[in-house]
Protein chains: 2
Amino acid sequence: MNASKFPTFLPCFLLSFTFLLFSTSQATLASSHGLPRPLIVEYDRAAVYELDEEVKLFCDSWRLAVEANNINPWKTVPQECGAYVKDYMMGRAYSADLDRVSREAGAYAKKVELGSDGRDAWIFDIDETLLSNLPYYADHGFGLEVFNSERFDKWVDEAAAPAIQSSLKLYKEVMDLGFKVFLLTGRSEKQRAVTVENLINAGFQNWDELILRAPDDQGKQAVVYKSAKREEMAKEGYRILGNSGDQWSDLLGSSMSSRSFKLPNPMYYIL
Amino acid sequence: MNASKFPTFLPCFLLSFTFLLFSTSQATLASSHGLPRPLIVEYDRAAVYELDEEVKLFCDSWRLAVEANNINPWKTVPQECGAYVKDYMMGRAYSADLDRVSREAGAYAKKVELGSDGRDAWIFDIDETLLSNLPYYADHGFGLEVFNSERFDKWVDEAAAPAIQSSLKLYKEVMDLGFKVFLLTGRSEKQRAVTVENLINAGFQNWDELILRAPDDQGKQAVVYKSAKREEMAKEGYRILGNSGDQWSDLLGSSMSSRSFKLPNPMYYIL
């Protein structure tokens, strides 16, 4: 593929920008929690340029198949694609892909005719949709390591995840258009306070409902839990016109949205 | 997954092979139809290497968004991505992506437990799923031109579309495993004879049913027509366990398959 023939990023600029972003949000949030945090995500770019053509071809196909839901389920990034995924996430491609999805969603949102009853709804997932856990995954192999919920929950408790800027823009756009915004996350009710804190610190506000997993929802597959919540919304008379999520389990199932927007995520898969 | 780590082909080989394949099938079929056809698809590789970084970044994101169904609907390939799509289709990436999808589908098919009643079904779309219209699209800008049904129908009448080899392999695999194979296409009943001729010439045989659009189905959106046909299958007691198609309208809607496999197609979109 072309992308792999000629790496398509301006390394220093974006890397500096990304570090600045993380450093800033982490520094800000560290003070409110009193937790010392590293200010720099270490990243060795040299490795990227050593990826050979065969590996890039393989990893390009792997990533496309993941994003189109052809590989399902999967536990970790293939070992040989570790440097590739790191490069994708930290370079310009991930940002460009995120921007594209939100622009398409925004264009669709503007075209939709809303009712006058305030029952037009847009659903957003949280992790890797509104908030980025890239600082956490940068410390944990960008998906090469098997997901460790204890460690991840500690990161969630820091409430330090930065906003995905293109999603924040879309979030404000759909809200301004008059959509009711539902946040539907696989996070637990126990994480409500830190989740609200993190969302607000990252610039999200005025959502209509934040739905987290109640004790009864624990252990359910995401697609089952999220479908059930959408069904409840539909029963309450909401028309689900848009749904943004980085997992297919955010989007598929029953009571599906009129349009779904799949944000990129080659780091992990949730059934 | 391991099998795909080190693709075993070389660009020149593949390109030559592709041309040879098209040349051969066209030559063979030309004689049965008495139609003179060009034996070589012209392709200027030099243009590809001139794509600049920004264009590649843009087109990579465009293609990913297309394959994940985020851009929907769309009429033509963006003008600036003409050379990019040509390169993708004629180079190794398209083949690698096709192979990946079929390997995932094959692995899934082997894992599924089939009933003893002969009611486990696998659905295949035809165009860009079993048969490749790449020779046609190579003559028509690889998706840069607005779709012209009259011209395309003339190409269909030639019954000259080669098999997508990875799909032919999957087709044989699922058949050997005991699936009933349904071919569900947007082509018209009027094209049944040439479609059967083309499929058989390309190596496909022994399908259980070939479903084409009846006069009543004309004008229906593909997703509506195909959902209705899947519903009929379900009513007849078939369990739709696998579905392979290059369009999301092959896969989404009602009576969806347990697993769907989205083959790549950045050349055209069918609502």
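Since the model is a prediction, treat every value here as computed from it, not as a measurement. (Residues numbered from 1 in each chain as written. Chains lettered and ligands numbered in written order. Predicted model: local features only at pLDDT ≥ 70, side-chain atom pairs only at ≥ 80, totals over all residues. Heavy atoms only, no water.)

### Side note on the overall build of chain A
- Summing up its helical and strand segments, chain A has 12 helices and 5 strands in all.
- In chain A, which comprises 271 residues, the proportion classed as buried is 59%.
- In chain A, the proportion of contacts linking residues at least 24 apart, taken out of those at least 6 apart, comes to 73%.
- When the accessible surface of chain A is summed, it comes to about 11300 Å², and 55% of that surface belongs to carbon and sulfur atoms. (Helix = DSSP H or I, 4+ residues; strand = E, 2+ residues; numbered from the N terminus. Buried < 20%, exposed > 50% of the residue type's maximum accessible area, 1.4 Å probe, protein only. Contact = heavy atoms within 4.5 Å. Areas by Shrake-Rupley, 256 points an atom, 1.4 Å probe, with all protein chains shown as cover.)

### Focus on the relation of the copies chain B and chain A
- Expressed as a screw transformation, the operator carrying chain B onto chain A has a rotation angle of 180 degrees and an axial translation of 0.0 Å, and the superposed copies differ by an RMSD of 0.0 Å. On this basis, the relationship between the two copies can be described by a two-fold rotation axis. No C-alpha of chain B lies nearer the rotation axis than that of Ala68 of chain B, which sits 2.5 Å from it.
- When the interface residues of chain B are mapped onto chain A, 74% of them again fall at the interface, so both copies present the same face. (Least-squares fit on C-alpha atoms with pLDDT ≥ 70 in both.)

### Quick word on unusual backbone geometry
- The omega torsion of the bond from Asn72 of chain A to Pro73 of chain A falls at -5 degrees, within 30 degrees of zero and hence cis.
- Within the element layout of this structure, Pro73 of chain A appears in the loop between α4 (53-67) and α5 (82-90).
- At Asn69 of chain B, a residue that is not glycine, the phi angle is positive and equals roughly 65 degrees.
- Examined against the element boundaries, Asn69 of chain B turns out to sit in the loop between α3 (53-67) and α4 (82-90).

### Let's talk about the nonpolar core
- Formed by 128 residues in total, the largest nonpolar core has its most connected members in Trp122, Leu183 and Phe204 of chain A together with Trp122, Leu183 and Phe204 of chain B.
- Once you skip the residues sitting within four places of it in the chain, Phe204 of chain B turns out to touch Leu130, Leu131, Ala163, Ser167, Leu168, Tyr171 and Leu199 of chain B. (Core = buried A, V, L, I, M, F, W, Y, C linked by side-chain atoms within 4.5 Å.)

### So, the interface of chain B and chain A
- The interface of chain B with chain A comprises 43 residues on the first partner and 37 residues on the second.
- Overall, the association of chain B and chain A removes approximately 3600 Å² of surface from exposure, summing both partners, and the carbon and sulfur fraction of that is 57%.
- Ranking the residues of chain B by area buried against chain A places Leu57, Leu64 and Asn70 of chain B at the top, with a combined share of 18%.
- Put simply, chain B and chain A have 2 salt bridges between them.
- Counting across the chain B and chain A interface gives 10 residue pairs in polar contact (both at pLDDT 80 or more).
- Elements with a contribution of two residues or more to the side of chain B that touches chain A: α2 (46-49), α3, α4, α5 (92-111) and β5 (259-262) of chain B.
- Take the side of chain B that touches chain A: its biggest share by element is 12 residues, from α3 of chain B.
- Broken down by class, the residue content of the side of chain B that touches chain A amounts to 22 nonpolar, 6 polar and 15 charged. (Buried area = accessible area lost by both parts, 1.4 Å probe. Salt bridge = Lys/Arg side-chain N within 4 Å of Asp/Glu carboxyl O. Polar contact = N/O pair within 3.5 Å; in protein donor to acceptor, adjacent residues only side chain to side chain. Nonpolar A, V, L, I, M, F, W, Y, C, P; charged D, E, K, R; others polar.)

### Comments concerning the sheet that holds strand β2 (residues 180-188) of chain B
All names here are of chain B.
- Strand order across the open sheet formed by 5 strands is β3-β2-β1-β4-β5, with parallel pairing between neighbours. Edge positions in the sheet fall to β3 (209-213) and β5, since each of these pairs with one other strand and no more. When strand polarity is set aside, the average angle formed by the axes of neighbouring strands in this sheet is 20 degrees.
- Sheet analysis places strand β1 (residues 120-124) next to β2, joined by 4 bridges and oriented parallel. (Pairing = 2+ DSSP bridges. Axes fitted to C-alpha atoms, helices over the stretch in contact; angles between N-to-C directions.)

What is shown is where atoms sit, not what they do.
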